[in-house]
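A closer look at the structure
Take a look at the letters that make up each chain.
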Amino acid sequence: MQTNQLDTTKLFLYIFCLLLSLTISAQTKITGQITDDEGNLIDMASVTLLCQTNDSIVDFTHSKNGFYELETSIMGRLRLRFYRLGYTKETVVINITNNTDQITNNAILYQKPLELDEVIVQGNNKPFSERKDTLRFKTKYYLNGTENNIADLLQKIPGLQIDNEGTIKVGNQEIEKLMVDGDDLFERGYKILSKNMPAYPIEEVEILKNYSNNRLLKGVEESDKVALNLKLIEKSKRIWFGNIETSLGNDNFYQVKGNLMNFGKKNKYYFLTNLNNISYDATGDIENLVRPFRINEPASIGDNQNVNSILNLLPNQLNFKRSRTNFNKAELVSLNAIFNPTEKLKIKTLGFFNWDETDFYRNSMEVVDVNGTSFTNNEDYELRNKKRMAFGKLDVIYNISKTKMLEATTKYNNGDFNDGSNLVFNGNSTIENLQHQNTLFDQKISYTNKFKDKKVFLLTGRFIDEQTPQNYRLNQFFYQDLFPDSENANNVTQLSENQMQFAGINAHLLDRKKNGDLLELQLGNEYRRDELSTTFSLLEDETLLERPNGYQNETNYQVNDLYFKSKYRLKIKDLGLTGKLGFHQLFNQLKDNQISSNQNPFFINPSIGLDWEINEKNKIITSYSYNTTNAKIQDVYSDFVLTGFRSFSKGTGGFNQLDASSLFFNYQLGNWSDRFFANTFIVYSKNHDFFSTNTLIAQNYAQAEKILIEDREFVNINSKLDYYFKFISSNLKLDVGYAQSEFKNIVNSSDFRIVTSKNYNYGLEMRSGFKGIFNYHIGTKWTTTEIETTINNSFTDNISFLDLSFVFNKKFDVQVQSERYYFGNLQADNTYYFLDFDAKYKLIENKLTLGLTGKNLFNTERFRNFSVSDIGTSTTEYRLLPRFVLVKMEYRF
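In this numbering scheme, every chain counts its residues from 1 along its sequence in written order. Since the coordinates come from a predicted model, pLDDT governs what is reported: local features require at least 70, and pairs of side-chain atoms require 80 or more to be given and counted, while whole-chain, interface and lining totals use all residues. The side-chain values count all of the structure's non-hydrogen atoms but skip hydrogen atoms and water molecules.

The next thing to look at is the environment of Leu-80. By definition, any uninterrupted DSSP run of H or I lasting at least four residues is a helix, any uninterrupted run of E lasting at least two residues is a strand, and each is numbered from the N terminus. Here Leu-80 lies in strand E5 (residues 76-83). Residue Leu-80 is classed as buried on the basis of its relative accessible area, which comes to 0%. Sequence separation between Leu-80 and Asn-438 is 358 residues, and the spatial gap between their C-alpha atoms is 63 Å. It only takes one pair of heavy atoms within 4.5 Å for two residues to be counted as in contact. Sequence-distant contacts of Leu-80, that is, excluding residues within four places in its chain, are made with Ile-30, Val-47, Thr-48, Leu-49, Tyr-68, Leu-70, Glu-90, Thr-91, Val-92 and Asn-105. Residue burial is assigned from relative accessible area. The probe radius is 1.4 Å, only protein chains are included, and a residue is buried under 20% of its type maximum, exposed over 50%, and partly exposed in between.

In structure tokens, the structure reads:
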């Protein structure tokens, strides 16, 4: 394993040095000073390096204390332009050859009266600008024609990061929403927009700092949220436009997607569709659209309420691109509109329809060795998930006046799922079928009154009704040891009904003091009722043999939380102190299998925080909190429930409150928009009591019973560093992390076992920003996992990648992506390589584009990985999508 690590590191360093050598040799440094006609140095004068032929900007900077410095790899005749408000504009021509390492060019600017027109022109020629809490980036300075959608565009904006799942972050913080001309279409489900909307109509990207979801809270609440706003070019406003793209490949692979939109001042329309079987995820996590979750957000009452499914058949979460294992057949239609009938009234509608059929394949070997029990299980697993989902949302915003606003949000979701697996378990052919539904109705109404300049009152009410019935059937009977009297049983079923109703009201006062202090008071009541019913049956063919005692549940659980919360933020110059107190009076009722009980606990949740902005480059945030949480429905039912084809679990059968304390520390050096930015955080938490399990493990089944145990700890340390190397126009990212958790449980009547899990990860990547035909993105990440019980298990994995971009001209570009995966502790077949490419040719500019896309060109058919747990090890093999090549055509209208 060590040899593989060294080989990968050497390969990575070799490629990095090669790329470095290709870029360093062509860099020319341009320096000088800028003075007025009396010899005084001029600060903050703009210095712009432009192409001689088309006025495109090569580089841009400002003078600092009268001196400036630029770098470029472009050769030939260039123009150097100097400008400062209130002075003349000066332009000189410079010539750069192969032998030019450095050019010194001083400039003299002469004072002149201010002309407004000049200020406007100069502002429009800057790639970016900043005003108060808004940063604006003009996209024409960052586009190179390779962008397929909004996500591709945002990837090139400085300070923005988009991960493999489509999550957008500013620095290290995820955005709240992605708007178009100031209007939000998808809230937290913004990936639907970023993955589908084309990039060409976008003129400007705005980063909104200290963002408030409620306009009346701007300048009152203490917000560190960020959001993005996409501003359209003028010619794309108030007209219908869009695009359609069709792709067809070998072995019947295909993709069809289309966008139709009209963004006017009063009304906005955005319709999209996507049909594909190439494993493309056009939506991201749908839960972010249906159930957006915001922590400690004003008017967010009920965001943390949902129903957990008892049983599911889902693919494993892999340390691997899901698009390589997801055999799909997806169909998506989204219809969105925003209407402004009057100046005071805004109506937003959203209709979302998604059909999908996915296949997943794996073979696994699990070796269990725990407390004297040893066995090996082999599984050959084929899973098919079918889903049909319809989601509708209606937002009505009525601005009663400039200081009063009423918002109403209505949501309805209906999902129908049919999951089936064909499993060979230790040689026994096994078929599972799970039919389940999800029905959600969600109504929220919020009233906001800004009754004084810095005082706001919010009143919010919410009602949620959600149901998740399930019907599960297994054509085998593996539980002879549990039910010896049912020896003729040959299949089992489980029917479950799980329904939740929530009703809550919250009154929230925010008072920003003249000295900057902030007082917040909340009074509210939240009521939740859960009804869980499960029926487990043993059958011989279609004949019911037994519904065994101890495996049936009829549970009604009601929780009423009457609370008062207070928060005060004290501002002393650059230091902020925040104290919180939450008072909770609970009224719990539990009716479990005809046995009723009540409990009325009272508790206080305190926390204290400090944030210190030492200077513009250094910031510290730290906090401590102590929290008590109430047990949920999945913790209190008293009989066993089937949760997998060979696993059962049950709750405690009674009330419990869990206490935990946590400590958070964050140090930030620089800002995300700076050339250098570093961020380190440390999280320590201790569960003074927590739910663990007392588990009985056998080869054909496992039964887990929840138990209450005291004391477990968790620590997480992570550091990220970003540095921009101007001389090679490249950005370096380093990421180092360590996490350790401690867990206690009982397995097969053992004493309490202490399980310690440790995870180390370290990685780096570098991305170029050249203005020529070539760019690269290269990186590697190592992850080591250790599990310590009575024995120790560990493994190390590595992922490396190299992406190359070639933009030969305005018409033709090629993108190449390569990946290398290394899975530790596998004696053979532990390294896998992948190569993808995408080529585009603009046949008619801004109208017709032809393309060619290839995936998995090495035709890697399977991969294996290794994992460890507190009871043993597992080796799993997964089937991959085969090699395919698509011919594409995109038409814009």
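Moving on from the model shown.
Sheet analysis places strand E32 (residues 575-592) next to strand E34 (residues 602-613), joined by 11 bridges and oriented antiparallel. Across the sheet, Gly-576 pairs through a bridge with Asp-611, a residue of E34. For two strands to pair, DSSP has to find at least two bridges joining them. Where E34 meets strand E35 (residues 618-630), 7 bridges bridge the pair, whose relative direction is antiparallel. Paired with Asp-611 across the strands is Ile-621, a residue of E35. What sits between the antiparallel neighbours E34 and E35 is a turn of 4 residues.

Of all hydrophobic cores here, the largest spans 54 residues; its most connected members are Tyr-479, Phe-536 and Tyr-557. Beyond its immediate sequence surroundings of up to four residues, Tyr-479 is in contact with Leu-474, Val-492, Phe-536, Leu-642, Phe-645, Arg-646, Phe-648, Asn-700 and Tyr-701. The set of buried Ala, Val, Leu, Ile, Met, Phe, Trp, Tyr and Cys residues whose side-chain atoms join them within 4.5 Å is what this entry labels a nonpolar core. Within the second largest apolar cluster, 52 residues are counted, among which are Leu-160, Met-389, Ile-464 and Phe-502.

Here we have 4 strands laid out as an open sheet, ordered E3-E2-E5-E6, and antiparallel in their pairing. Edge positions in the sheet fall to strand E3 (57-62) and strand E6 (90-96), since each of these pairs with one other strand and no more. The average undirected angle you get between the axes of adjacent strands in this sheet is 20°. Relative to E6, E5 runs antiparallel, the two sharing 7 bridges. Residue pairing for E6: Arg-81 is matched across the bridge by Thr-91. The angle between two axes is taken between their N-to-C directions and runs from 0 to 180 degrees, where each axis is a line fitted to C-alpha atoms and a helix contributes only its stretch in contact.

We now examine the sheet that holds strand E12 (residues 168-170). Strand order in the open sheet made by the 3 strands is E11-E12-E13, with antiparallel pairing throughout. Whereas interior strands pair on both sides, the edge strands pair on one side only; in this sheet they are strand E11 (160-162) and strand E13 (173-174). Where E12 and E13 come together, 2 bridges link them in antiparallel fashion. Paired with Lys-169 across the bridge in E13 is Glu-174.

Turning next to the pattern of salt bridges. The rule for a salt bridge is simple: a side-chain nitrogen of Lys or Arg has to be within 4 Å of a carboxyl oxygen of Asp or Glu. All told, the structure shown has 51 salt bridges when counted by the stated rule. Across the pair Asp-133 and Lys-218 runs a salt bridge, and its minimum N-O distance is 3.3 Å. A residue pair is termed long-range when its members are at least 10 positions apart, and Asp-133 in the loop between strand E9 (128-131) and strand E10 (134-138) and Lys-218 in the loop between strand E16 (202-208) and strand E17 (227-232) qualify at 85 residues. The class for Lys-218 is partly exposed, based on a relative accessible area of 38%. Notably, a salt bridge pairs Arg-569 with Asp-611, separated by 2.6 Å at the nearest N-O pair. In this pair, Arg-569 is assigned in strand E31 (residues 553-572) and Asp-611 in strand E34, connecting sequence segments 42 residues apart. What makes Arg-569 buried here is its relative accessible area of 7%. When salt bridges with common partners are traced through the structure, they connect Glu-174, Glu-176, Glu-187, Arg-188, Arg-294, Lys-393 and Asp-395 into a single cluster.

Quick look at the side chain of Ser-63 now. Its location among the elements puts Ser-63 in the loop between E3 and strand E4 (67-72). Polar contacts involving the side chain of Ser-63 include one to the main-chain carbonyl oxygen of Ile-42, which spans 2.9 Å. In terms of polar contacts, Ser-63 uses its side chain to reach the backbone amide nitrogen of Ala-45, at 2.9 Å. Excluding its chain neighbours within four sequence positions, the residues that come into contact with Ser-63 are Ile-34, Ile-42, Asp-43, Met-44, Ala-45 and Tyr-68. A 3.5 Å cut-off defines polar contacts: any pair of N or O atoms within that distance qualifies, except that in protein one atom must be a possible hydrogen donor and the other a possible acceptor, and neighbouring residues in sequence count only when both atoms are side-chain atoms.

A positive phi angle is found at Lys-573, which is not glycine, with a value near 55°. Tracing the backbone through its elements, the reader meets Lys-573 in the loop between E31 and E32. Look at Asp-711: it is not a glycine, yet its phi comes out positive at around 65°. The topology assignment puts Asp-711 in strand E40 (residues 702-725).

For Thr-578, the position within the fold is in strand E32. Residues in contact with Thr-578, not counting those within four places in the same chain, are Lys-567, Tyr-568, Arg-569, Ser-607, Ile-608 and Gly-609.

What follows deals with the environment of Phe-564. If you trace the backbone, Phe-564 turns up in strand E31. Separated by 248 residues in sequence, Phe-564 and Asn-316 place their C-alpha atoms 42 Å apart. Beyond its immediate chain neighbours, meaning those up to four positions away, Phe-564 contacts Leu-521, Gln-522, Leu-523, Leu-581, Gly-582 and Phe-583.

For the rest of this paragraph, the subject is the packing of aromatic side chains. The aromatic pairing rule takes the rings of Phe, Tyr and Trp, using the six-membered ring of Trp, and pairs them if the centres are within 6.5 Å, calling planes under 30 degrees apart stacked, those over 60 edge-to-face and the rest tilted. Taken as a whole and assessed by the stated rule, the structure comprises 45 aromatic pairs. A ring pair is formed by Phe-137 and Tyr-142, whose centres lie 6.0 Å apart and whose planes are at 65°; its orientation type is edge-to-face. Summarising the burial analysis for this pair, Phe-137 and Tyr-142 share the class buried. Residues Phe-253 and Phe-884 carry aromatic rings whose centres are separated by 4.4 Å and whose planes lie at 25° to one another, so their mutual orientation is stacked. Separated by 631 residues along the polypeptide, Phe-253 in the loop between strand E18 (241-249) and strand E19 (254-263) and Phe-884 in strand E50 (residues 884-892) bring together distant segments of the chain. Phe-884 sits in the buried class, given a relative accessible area of 4%.

What follows is about the environment of Asn-498. Mapped onto the elements of the fold, Asn-498 is located in strand E28 (residues 491-512). Exposure remark for Asn-498: the relative accessible area of 6% places this residue in the buried category. In contact with Asn-498, not counting residues within four places along its chain, are Val-307, Asn-308, Glu-466, Gln-467, Thr-468, Glu-531 and Leu-532. Only 3.0 Å separates the side chain of Asn-498 from the backbone oxygen of Asn-308, close enough to count as a polar contact.

The predictor attaches a confidence to each residue, and that confidence, scored 0 to 100, is pLDDT. In this model, the protein chain carries an average pLDDT of 88, and 95% of its residues clear a pLDDT of 70 or more. When mean pLDDT is taken per element in the protein chain, strand E26 (residues 455-467) scores highest with 97 and helix H2 (residues 116-124) scores lowest with 34. Of the regions scoring below 50 in pLDDT, residues 1-6 engages in 12 contacts with residues more than four places distant in sequence or in other chains.

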